[in-house]
Amino acid sequence: MSTFSLDPGPDQLAVRDWLHGFAADVMRPAAAEWDEREETPWPVIQEAAKIGVYSLDFYAQQYFDPSGVGIPIAMEELFWGDAGLGLAIVGTTLAAVAVLANGTDEQIGTWAPQMFGTPDDVKVAAFCSSEPDAGSDVSALRTRAVYDEAKDEWVLNGTKTWATNGGIAAVHVVVATVDPALGARGQASFVVPPGTPGLSQGQKFKKHGIRASHTAEVVLDGVRIPGSCLLGGKEKLDERLARAREGTKRSGGKNAAMATFEASRPAVGAQAIGIARAAYEVALDYARTRVQFGRPIIDNQGVAFQLADMKTRIDAARLLVWRASWMAANNQPFTSAEGSMSKLYAGETAKFVTAQAMQILGGNGFTREYPVERMHRDSAIYTIFEGTSEIQRLVIARAISGIPIR
Ligand SMILES: Cc1cc2nc3c(=O)[nH]c(=O)nc-3n(C[C@H](O)[C@H](O)[C@H](O)COP(=O)(O)OP(=O)(O)OC[C@H]3O[C@@H](n4cnc5c(N)ncnc54)[C@H](O)[C@@H]3O)c2cc1C
């Protein structure tokens, strides 16, 4: 087990500095333009691929770093650069984590590289769990997966919504129900390979924030995929379903979508911290230089205390995220839902800090001349996706009480 340390060590610091350079030199100058265009920033993703920031190798290295802080450090720097571009660059990793969490070694080896493509032919991937009638309540998924034994194929039918990279992805990972009577325990994850007939993009959403990241519906109409595309394999699924039907405890409350979310929550918290830190830095700088009543506005306790609170919350959020990331990397059980705690606090912090930053910038904060307006819009998703703040509180409350609080 790696000792919990707040010193990332020379390797992680070098990665941090390298990513900071990319965030400052490539992402920041492009952020406002792609926010306005509301399109996938392929040139920025390609640039990231060229230097290895957008690559399976890079994420695998960070993911398997025993200190656990490789991924949070990377996420914080990229999202400090810009959240919309950041999500366009890292959106693929949610699908990659789904394959990593649920797939066999062979499946990981087959599909993970195809999700990223190559620097000359960049691809993205999508993770499709949410549906119009199943957002927070993942047990209510209606997308059906039916096994065609004669052909050893699975047939998927249903409509997914809110999928990051949905419809533009090479590889889609789809969570579907195999046995609706079992609720969340009757679900499984499937890979839909590139170019599979029957999968199409539905509506693309126009959003409040993270507008450079593509979010769309995905329609699955008689999508036929090989039996080998069931993540984890049929034998494991059959065993799991049999246990669930017997109602034994061993099948646990854990399901395919939840396995993905558990692994990714601290990383999402780190993204929120990146946005918060960026807004705080702009506000601190502004407060030092903006003069009213003959002195810099930071000379007023009212403003200085706001900045003190902002910085304190950012650092507290980072401590929670690093703890949860270290626990996950070292197989420590989240007995108090520490992963959810980190995402809850970091998401709420990003909203708080960006709102305060707007306030400190006064009228300028409300315009697109300054970046905090965009950061404030971007931060709002962090109390909604990957489990809303209310759902995180539910998960924490259940973990600490042992009571199935509703
Ligand atoms: C930009 C964006 C990108 C996304 N990317 C993806 C993706 O890549 N893949 C994917 O599968 N999904 C994705 N999502 C979906 C996201 O995870 C869901 O929006 C989220 O889980 C909330 O679901 P919902 O929108 O249906 O809200 P609802 O579940 O309808 O919730 C509405 C409100 O009710 C509250 N609520 C619901 N149930 C309870 C309860 N039991 N107790 C207290 N409060 C409750 C919620 O907290 C919320 O405030 C994305 C969403 C967005 C907006």
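In what follows, the structure referred to is the one given above.
Summary of the structure given here. Please read these numbers as outputs of a predicted model, since none were measured by experiment. Position numbers for residues count from 1 along each chain, tracking the sequence in the order it is written. Residue-level local features of this predicted model are given only where pLDDT is at least 70; pairs of side-chain atoms are given and counted only at 80 or more, and the full residue set underlies all totals for whole chains, interfaces and linings. Side-chain metrics in this entry use all non-hydrogen atoms of the structure; hydrogen atoms and water are not considered.

Structural notes on the packing of aromatic side chains
Two rings belonging to Phe, Tyr or Trp (six-membered ring only in the last case) form a pair when the distance between their centres is within 6.5 Å. Interplanar angles under 30 degrees mark stacking, angles over 60 mark edge-to-face geometry, and anything in between is tilted. Tallied over the entire structure, the rule returns 11 aromatic pairs. Relative to Trp154, the ring of Tyr147 has its centre 5.0 Å away and its plane inclined at 45 degrees; by these criteria the two rings are tilted. Residue exposure (1.4 Å probe, protein chains only): buried if accessible area is under 20% of the type maximum, exposed if over 50%, otherwise partly exposed. For Tyr147, a relative accessible area of 27% corresponds to the partly exposed category. Its relative accessible area of 2% is what places Trp154 among the buried residues.

Observations regarding helix 7 (residues 105-116)
Helical segments are the DSSP runs of H or I of at least four residues, strand segments are the runs of E of at least two, and each set is numbered from the N terminus. A helix's residues, less one, multiplied by 1.5 Å, set its expected span. End to end, helix 7 covers 17 Å across 12 residues, agreeing with the expected 16 Å (1.5 Å per residue, within 8%). For helix 7, the full list of buried residues reads Gln107, Ile108, Trp111, Ala112, Met115 and Phe116. Seen along its axis, helix 7 keeps its buried residues to an arc of 130 degrees; they face one direction. With respect to the buried face of helix 7, the exposed residues turned more than 90 degrees away are Glu106 and Gly109. As used here, the arc belongs to the directions running from the helix axis to the C-beta atoms.

Some points on the environment of Asn102
Note that Asn102 resides in helix 6 (residues 92-102). Expressed as a C-alpha distance, the spacing of Asn102 and Gly233, which sit 131 residues apart in the sequence, is 9.3 Å.

Examining the pattern of salt bridges
Should the charged atoms of two oppositely charged side chains come close, the side chains can pair. Salt bridges are counted wherever a side-chain nitrogen of Lys or Arg sits within 4 Å of a carboxyl oxygen of Asp or Glu. Under the criterion given, the structure shown has 23 salt bridges. Put simply, Asp315 and Lys311 hold a salt bridge, and the shortest N to O gap is 3.1 Å. Residue Asp315 and its partner Lys311 are located together in helix 10 (residues 301-329), separated by 4 residues, close to a single helical turn. Here Asp315 falls in the partly exposed class, since its relative accessible area comes to 29%. Here the residues in one salt-bridge network are Asp35, Glu36, Glu38, Arg211, Arg368, Glu373 and Arg377, joined through shared partners.

What about the site of the ligand?
By nearness alone, 21 residues border the ligand, and Ser130, Ser136, Trp162, Thr388 and Glu390 come closest of all. We call two N or O atoms a polar contact when they sit within 3.5 Å, provided that within protein one can donate a hydrogen and the other can accept it, with sequence-adjacent residues counted only if both atoms are side-chain atoms. Thr388 has a polar side-chain atom sitting 2.6 Å from an oxygen atom of the ligand. Mapped by element, the contributors of at least two residues to the shell around the ligand are strand 3 (125-128), strand 5 (153-164) and helix 14 (389-401). Note on residue categories: nonpolar means Ala, Val, Leu, Ile, Met, Phe, Trp, Tyr, Cys or Pro, charged means Asp, Glu, Lys or Arg, and polar means any other residue, Gly included. Looking at the shell around the ligand residue by residue, the class counts come to 11 nonpolar, 7 polar and 3 charged. Whether a residue is near a molecule or strand is decided by its heavy atoms; if any one of them lies within 4 Å of it, the residue is near.

Considering the side chain of Asp179
Structurally, Asp179 can be placed in the loop between strand 6 (171-177) and strand 7 (187-192). Contact definition: two residues touch when any of their heavy atoms are within 4.5 Å. The contact partners of Asp179, leaving out residues within four places of it in the chain, are Gly186 and Arg245.

A few points about the packing of helix 1 (residues 9-37) against helix 4 (residues 70-81)
To describe two helices that pack against each other, one gives the angle between their axes and the distance between the axes. Relative orientation of the contacting elements helix 1 and helix 4 amounts to 20 degrees, with a least axis distance of 8 Å. Regarding the angle of helix 1 to helix 4, the classification is roughly parallel. In the packing of helix 1 onto helix 4, the handedness of the crossing is right-handed. Listed contacts from helix 4 to Gln12, Arg16, Leu19, His20, Phe22, Ala23, Ala24, Met27 and Arg28 of helix 1 are Gly70, Ile73, Ala74, Glu77, Leu78, Trp80 and Gly81. For the contact of helix 1 with helix 4, the class distribution of residues is 9 nonpolar, 4 polar and 3 charged. Between the N-to-C directions of two axes lies an angle of 0 to 180 degrees, each axis being a line fitted to C-alpha atoms and, for a helix, fitted only over the stretch in contact. Roughly parallel means an angle under 35 degrees; roughly antiparallel means over 145; roughly perpendicular covers 65 to 115; every other angle is labelled oblique. In this scheme the crossing of two helices becomes right-handed for a clockwise turn of the near helix relative to the far one and left-handed for an anticlockwise turn of less than a right angle.

Describing the state of the cysteines
Whenever a pair of cysteine sulfur atoms sits within 2.5 Å, that pair is classed as a disulfide. Under the counting rule described, the total for this entry stands at 0 disulfides. Looking at Cys229, it has no disulfide partner, and the nearest cysteine sulfur is the one in Cys128, 14 Å off. Take Cys229: its relative accessible area is 1%, and that puts it in the buried class.

Here we look at a nonpolar patch on the surface
A patch is a set of surface residues, each over 30% in relative accessible area and not in a salt bridge, joined within 9 Å for like charges and within 5 Å for the nonpolar side chains Val, Leu, Ile, Met, Phe, Trp and Tyr. Per-residue accessibility takes into account occlusion by the displayed protein chains alone, with areas from the Shrake-Rupley method and a 1.4 Å probe. A contiguous nonpolar surface patch, about 280 Å² in accessible area, is contributed by Phe4, Leu6 and Leu319. Mapping Leu6 onto the fold places it in the segment before helix 1.

With respect to helix 4
Look at helix 4: 17 Å from first C-alpha to last across 12 residues, which is about the 16 Å you get at 1.5 Å a residue. Of all 12 residues that make up helix 4, 12 are buried, and the element is covered over most of its length. Turning to helix 4, its buried residues number three or more, namely Gly70, Ile71, Pro72, Ile73, Ala74, Met75, Glu76, Glu77, Leu78, Phe79, Trp80 and Gly81.

All we've got here are geometric facts, nothing functional implied.
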